[in-house]
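# Fold and geometry: a report
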2 protein chains.
Amino acid sequence: MGHRITILGATGSIGKSTADVLAQHPGRFEVAALVAGSDVRGVAEMARRLRPSFVALADASRQTALRDALSGSGIANGAGASAVLEAVEREAETIVAAISGVAGLAPTHAALKPGRRIGLANKESLVCAGAAFMRDAAAIGAVILPMDSEHNALAQALASGHPDDVVTMTLTASGGPFRTWDAARIADATPAHTAKHPTYSMGAKINVDSASLMNKGLELIEAHHLFGLGPDQLDVVVHPQSIIHGLVHWRDGAVTAGLANPDMKIPIANCLAIERRLTMDVPRLDLAAIGGFTFEAPDEARFPCLRLARAALAAGGGMPAVLNGANEIAVAAFLEGRATFSDIARVVEETCAAFGGAAGGEPATIEDALALDREARRIAAGLLAPVARSAAARL
Amino acid sequence: MGHRITILGATGSIGKSTADVLAQHPGRFEVAALVAGSDVRGVAEMARRLRPSFVALADASRQTALRDALSGSGIANGAGASAVLEAVEREAETIVAAISGVAGLAPTHAALKPGRRIGLANKESLVCAGAAFMRDAAAIGAVILPMDSEHNALAQALASGHPDDVVTMTLTASGGPFRTWDAARIADATPAHTAKHPTYSMGAKINVDSASLMNKGLELIEAHHLFGLGPDQLDVVVHPQSIIHGLVHWRDGAVTAGLANPDMKIPIANCLAIERRLTMDVPRLDLAAIGGFTFEAPDEARFPCLRLARAALAAGGGMPAVLNGANEIAVAAFLEGRATFSDIARVVEETCAAFGGAAGGEPATIEDALALDREARRIAAGLLAPVARSAAARL
């Protein structure tokens, strides 16, 4: 029997790349379950290729459509929260946790089982409820494997020594599509401008977060929980080529780093490997062909979202959850044309200020984090223009 | 009692840097013995600071001078081969093996003891007798810790996975002082030109090897023995900033790398650490301040020594010892003004051709390697101009 894998967020960018990795290793893995949000056609097509035992759709209203799409395949399926839970409960050695947004919080937490390996691509599990999530993972005995290219690189670089000998870690940022833009031009940026990520192709939400550097700020918060480092032990350097993904600075002055061509299949394959690495058919990293790397300090004046994320990390408690909830509302409004790019930082900053301090302290449970997230969204929506409020309330 | 350290090659560049590392950790280490070549004043001064139990000088003719220099210090001392052997035999947990040239071969081999850690900076132990040296180290149970910045970086990067999952390793080269020179200008280079190494300050011989890229070629041969990789699994990239020292390419497409500011104290401290790293007072690596890295393929047309070293590695057997012996003679002649810079590659190439094939096969013992080295030197000296021959014969 192959190693069993369940993919949460199967039809997103990470889910599709995971399917590509599995396709390079026929017979080695078995797919236990696929979970998607509402993309019936996408998940059905993937299911016919990967032959999971079970397919779940979060959107309960599309149960019939899913059943029709899988008819004749012999693949069991269901829709709605209970179907998602059933998928998570199915036996599997590795879970790829790649549902995006706070929607991924509960299923990812439910996926924690003794001895299970969680390839973690859902940022919010750590950003909104990091202390509770890591505490529960440790208590249950689940193994968290970071799947983001930056955290995966850091985890690899960390193998070179004892965690207590780490002085700092550096995460690299591509700098996003507005890296060379002046503040006025950034303020007028449109969703189309954010879609041009220099090195990765991703979803619309993460494209905006990458353009604002909020994405990097959220990653700092994730790194804090994953690696147990304080806010002052984590920094960001802009590296537009996105080849070095993370660096560990050791107390003897040595630095170890994780590098790779920008291809999500590489960190995914790293997380799917047991003991020994998978052989991936990807181009070798050729430094002479690349010619050079550049580095610059991030500019928090032009990219205030990074400053706000650092402040939320420093404030601790529930503030990262507040930051994240407000950002989701503001980014959604921006993508729908109801807010400007500069509104994103403004709404996030004002929402965080409305809570203040540590926003009531560290959420003790996933439910607490979700409650805080809802409250942050409500306040953020109120800070958008009136026309936006009614739309945001529907989210 | 502190951890006991013996330094072979105490007054050279590595020995002095080792003393600097020890000075940063008062009370943590005990110096068992210091071994130097002929620098009485240097070793006596160091002995009065580090308080070893024993000091040995290789040069037997300076026994009285050494005794005088240490008089009143209470430090036992001796000169000549038997004194060096006595130093090596003294109890010590770690040996810094930093005698330069083939002179280091026998003492470094004699230093192999069960459980002992050998911080290996003597290239020739691996270049001339790598198979025998690594076989004997394994049989005896000595632990070889590479102290060169490149191999130390590779050893750290290698910790991220299983050695069998390594596809290739890349060593970086500064490119040396002639990196941007055309072939005609390189041919006319003088010893003064080679003294301007872009990133490290080192001895005259290694400066020439760095300028010719022979140094990098010798390091490829060392890497072959240290890490068990074939000639086609090892390559070189020119990286003038010398911040990335080595990269390990894994079969999943991930790459791990060892970086550090160019400071020999960093890899030395890494080798002196037991389990946990030493805390070193060195500047943090600041990528944004550095601004960028550049990379280029090495040019074996302008730097034929790298090509010759690769050919010797591919030929295997005794050829690396022949290459090294011929290079030492040619470099000595160049430094003494008896040969041009381009004579170095010519003499090495012709000496290797005179042996041919694998130069009689892998030396089975250190003595065999030394015999091959002497024969290579004899032939190389004969290939220099007549005026050079008599001088070379004295070496």
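Residues numbered from 1 in each chain as written. Chains lettered and ligands numbered in written order. Predicted model: local features only at pLDDT ≥ 70, side-chain atom pairs only at ≥ 80, totals over all residues. Heavy atoms only, no water.

### Considering the interface of chain A and chain B
With 46 residues of chain A in contact, the opposing surface of chain B contributes 46 residues. When chain A packs against chain B, close to 3900 Å² is buried across both sides, 53% of that on carbon and sulfur atoms. Here chain A and chain B share six salt bridges between them. For R277(A), the salt bridge goes to D252(B), with nearest N and O atoms at 3.1 Å. Scanning the region where chain A abuts chain B turns up 31 residue pairs in polar contact (both at pLDDT 80 or more). Going through the elements one at a time, α8 (149-158), β8 (166-173), β9 (234-238), β10 (244-250), β11 (255-259), α13 (265-272), α14 (287-290) and β12 (292-294) of chain A are the ones with two or more residues in the side of chain A that touches chain B. In terms of residue count, the dominant contributor to the side of chain A that touches chain B is β11(A) (five residues). (Contact = heavy atoms within 4.5 Å. Buried area = accessible area lost by both parts, 1.4 Å probe. Salt bridge = Lys/Arg side-chain N within 4 Å of Asp/Glu carboxyl O. Polar contact = N/O pair within 3.5 Å; in protein donor to acceptor, adjacent residues only side chain to side chain. Helix = DSSP H or I, 4+ residues; strand = E, 2+ residues; numbered from the N terminus.)

### Remarks on unusual backbone geometry
Residues and elements named next belong to chain B. One non-glycine residue, S242, lies in the positive phi region at around 50°. Residue position: S242 is located in the loop between β9 (234-238) and β10 (244-250). One non-glycine residue, E275, adopts positive backbone phi at about 60°. Assignment of secondary structure puts E275 in the loop between α13 (265-272) and α14 (287-290). With relative accessibility at 78%, the residue E275 sits in the exposed group. (Buried < 20%, exposed > 50% of the residue type's maximum accessible area, 1.4 Å probe, protein only.)

### Side note on helix α4 (residues 81-89) of chain A
Residue and element names in this part refer to chain A. Turning to α4, its buried residues are A83, V84, A87 and V88. For α4, the buried positions fall inside an angular range of 140° around the axis, keeping them on one side. In α4, the exposed positions angled more than 90 degrees off the buried face are occupied by A81 and S82. Looking at the buried residues of α4, the elements they touch are β1 (3-8), β2 (29-36), β3 (54-57), β4 (76-79) and α5 (105-110). (Arc of directions from axis to C-beta.)

### Some remarks on the pairing of β4(A)
Residue and element names in this part refer to chain A. As judged from the four bridges shared by β3 and β4, these two strands associate in the parallel manner. Paired with A56 across the bridge in β4 is G78. You can see the chain leave β3, run along helix α3 (residues 63-69) and come back into β4, and the turn it takes is right-handed. (Pairing = 2+ DSSP bridges. Right-handed = clockwise from strand over helix to strand, strands pointing away.)

The quantities given are spatial measurements derived from coordinates; they are silent on function.
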